[in-house]
Amino acid sequence: AHMHCRRNASTTRLSSSRGNPVSTTTALVHRSSRIVPTDTTMALQEENPQEVATALFTKHFGGAPEIAAAAPGRVNLIGEHTDYCDGFVFPMALTRETIIVGKKNGTDKCRLVTASISDVSVESAEFTVANDTLEKGSPAWANYVKGVMKQLPELPGFDAAIATSVPIGGGLSSSAALEVATHTFCDVLLHGKSENSKEKALACQRAEHTFADMPCGIMDQFISTFGKAGHALLIDCRSLDARLVAMEHPDLVVLIANSNVKHKLSDSEYPKRKAACETAVRALNARYPGVTSLRDATLTQLAAVQAEVEDVVFKRARHVITEIARVEAAADAFAKSDFAKFGELMVGSHVSLRDDYEVSCPELDTLQELAMTVEGVYGSRMTGGGFGGCTVTLAHKKCQEQLLKTVTEGSPHATCFFTGPGNGARVVALPKSSI
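Per-chain numbering applies: the sequence of each chain, read as written, is numbered from 1 onward. Note on the predicted model: pLDDT of at least 70 is required for a residue's local features to be given, and 80 or more for side-chain atom pairs to be given and counted; whole-chain, interface and lining totals, by contrast, use all residues. Computation of side-chain values: all heavy atoms of the structure, hydrogens and water removed.

### Looking at the packing of aromatic side chains
Right, so step 1: Ring geometry is summarised as follows: Phe, Tyr and Trp rings, the Trp one being its six-membered ring, pair when their centres sit within 6.5 Å, and such pairs are stacked at plane angles under 30 degrees, edge-to-face over 60 and tilted between the two. What the rule picks out here adds up to nine aromatic pairs.
Right, so step 2: Relative to Phe342, the ring of Phe90 lies with its centre 6.0 Å away and its plane at 55°, an arrangement referred to as tilted. With Phe90 in strand 4 (residues 88-104) and Phe342 in helix 9 (residues 339-355), this residue pair connects regions lying 252 residues apart in the sequence. We note that Phe90, like Phe342, is buried.
Right, so step 3: Here the aromatic rings of Phe222 and Phe226 are separated by 4.8 Å at their centres, their planes lie at 40°, and the arrangement is tilted. One end of the pair is Phe222 and the other is Phe226, both in helix 5 (residues 219-226) and four residues apart, which spans about a single turn.
Right, so step 4: Note on Phe222: relative accessible area 0%, which makes it buried.
Right, so step 5: An aromatic cluster is present here, built from Phe90, Phe334, Phe339, Phe342 and Tyr378 joined pairwise through their rings.
Right, so step 6: Only when the NZ atom of a Lys or the CZ atom of an Arg is both within 6 Å of the ring centre and within 35 degrees of the ring normal do we say a charge sits over the ring. Above the face of the Phe417 ring, Arg96 is positioned so that its terminal group lies 3.7 Å from the ring centre. Helix numbers and strand numbers start at the N terminus; a helix is a DSSP run of H or I with at least 4 residues, a strand a run of E with at least 2. For each residue, the accessible area found with a 1.4 Å probe, counting protein chains only, is set against the maximum for its type, and the residue is called buried under 20%, exposed over 50%, and partly exposed in between.

Laid out in structure tokens, this is it:
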């Protein structure tokens, strides 16, 4: 299970309705709806990853780090397995993040140490920084760092310590958090600064494809780069245009329930799902040349080629087509503060992921069903790639206590936390930093 990047293109600078500059990729829309961050219910958050990483660095390398960078995990509110089909997704960055601290070491070596806050073990890795020597290897978590480094100009040798408060293997993008934090750190190492850009997100996606063998879409790296506190981000995964949607309704809470069932999707199941979608597109394209991805297809068109594809391919494509429609409808519902409608769409997403895409599991189904028994819950669904991981539940804050009680009592192995939307990647100011 994983733990816990080419030079940046310029970032479009836009202004919010309050006149503050905001970095994103296209038009910015501010809505009237604030989820109050109440990320306080889990021991994981009791330690500060920056403090953990700094202490780890000093213990292993001596002295104080000079550079620090952080990037968050994410939860996808709706839009699962649509990003690699050119569809829409609607994630928000978490307030939990991965941080990397370090400094140049005057050698041609990269020396890393890491410790997950939820895991007392410490692991280390050492390898040369020369681009032509960077190869996949052991430990597996170091491949995410190597993969990002491979995308960049050759780096000077450096020592670094990594810590995270993002649950590992829980479908909350701990891998993207590590990739984007690494890219941001390396930018500072090379240039003394880092800007969040589409190219940063794309470089981190390439790192995951090539060094982690995960053919993921762009969502995780994109939201980890461009997240904004108080907002979710509606992302068009074809154009990479994005629209910020404010989540500032005081009566809303978001509960993340981690099943603590671990998964390693790159073994087989994730690539199988992607391959089934590509098979469906080929069948559709033969009859409808304008269909180059499932983003372009309708259910009517899919029904017309049903006899030409295996039933499992039909079901996978049906999920993606209906899920893309659900995301667009959900973003509109949220903008109108129609949380009941948003919740209905979340449940529809879960059912489709369970029955058509078949990436849920009994533990996730139980968590979803438990949440939906609580009065005041708008909707609940599995989130992330599936085969374990987490559910996400949108609820009225009046039922916050009952929701937590119901889920934890009904699923004793699960761990839960409430969260609000956090910021994307950032350079972290360190005491006595020379940067």
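Right, picking up where we left off after that structure.
### Comments concerning the sheet that holds strand 10 (residues 252-258)
Right, so step 1: Here, strands pair whenever DSSP counts at least two bridges between them. Spatially, the four strands line up as an open sheet ordered 11-12-10-13, and their pairing is antiparallel. Two strands bound the open sheet, and with one partner strand each, they are strand 11 (377-383) and strand 13 (415-419). Strand-to-strand twist in this sheet, taken as the mean axis angle between neighbours without regard to direction, amounts to 20°.
Right, so step 2: When strand 10 meets strand 12 (residues 390-396), the two strands line up antiparallel, connected through seven bridges. Within strand 12, the residue paired with Ala257 across the bridge is Thr391. In this description, a line fitted to the C-alpha atoms serves as the axis of each element, helices being fitted only across the stretch in contact, and the angle between N-to-C directions of two axes falls anywhere from 0 to 180 degrees.

### Considerations on the packing of helix 3 (residues 174-191) against helix 5
Right, so step 1: Two elements in contact, helix 3 and helix 5, have axes separated by 9 Å at closest approach and are oriented at 55°. Comparing the axis directions of helix 3 and helix 5 gives the class oblique. Taken as a pair, helix 3 and helix 5 cross one another with a handedness that is right-handed. Counted together, Ala176, Ala177, Glu179 and Val180 of helix 3 and Asp220, Gln221, Ser224 and Thr225 of helix 5 form the full contact between these two elements.
Right, so step 2: Throughout, the ten residues Ala, Val, Leu, Ile, Met, Phe, Trp, Tyr, Cys and Pro are labelled nonpolar, Asp, Glu, Lys and Arg are labelled charged, and all others, Gly among them, are labelled polar. For the contact of helix 3 with helix 5, the class distribution of residues is three nonpolar, three polar and two charged. An angle below 35 degrees is read as roughly parallel, one above 145 as roughly antiparallel, one from 65 to 115 as roughly perpendicular, and any other as oblique. If you view the pair so one helix is near and one far, a crossing is left-handed when the near helix is turned anticlockwise from the far one by less than a right angle, and right-handed when it is turned clockwise. Contacts are assigned to residue pairs with any non-hydrogen atoms lying within 4.5 Å of each other.

### A look at the environment of His396
Right, so step 1: Summarising the element assignment, His396 is placed in strand 12.
Right, so step 2: Distance from His396 to Val254, taken between C-alpha atoms, is 8.8 Å for residues 142 residues apart in sequence.
Right, so step 3: If we ignore the near neighbours within four places in the chain, the residues touching His396 are Asp251, Val253, Gly376 and Tyr378.

### A few points about the pairing of strand 4
Right, so step 1: Within strand 4, 14 of the 17 residues are buried, leaving the element largely enclosed by the surrounding structure.
Right, so step 2: Summarising the sheet, strand 3 (residues 67-78) and strand 4 pair through 10 bridges and their orientation is antiparallel. Each bridged residue has a counterpart across the sheet, and for Ala70 the counterpart in strand 4 is Ile99.
Right, so step 3: In this sheet, strand 8 (residues 231-236) lies alongside strand 4 in antiparallel orientation, the contact comprising two bridges. Residue pairing in the sheet places Val89 in a bridge with Ile235 of strand 8.
Right, so step 4: Pairing between strand 4 and strand 7 (residues 158-164): seven bridges, direction antiparallel. Across the sheet, the residue bridging to Lys103 is Asp159, located in strand 7.

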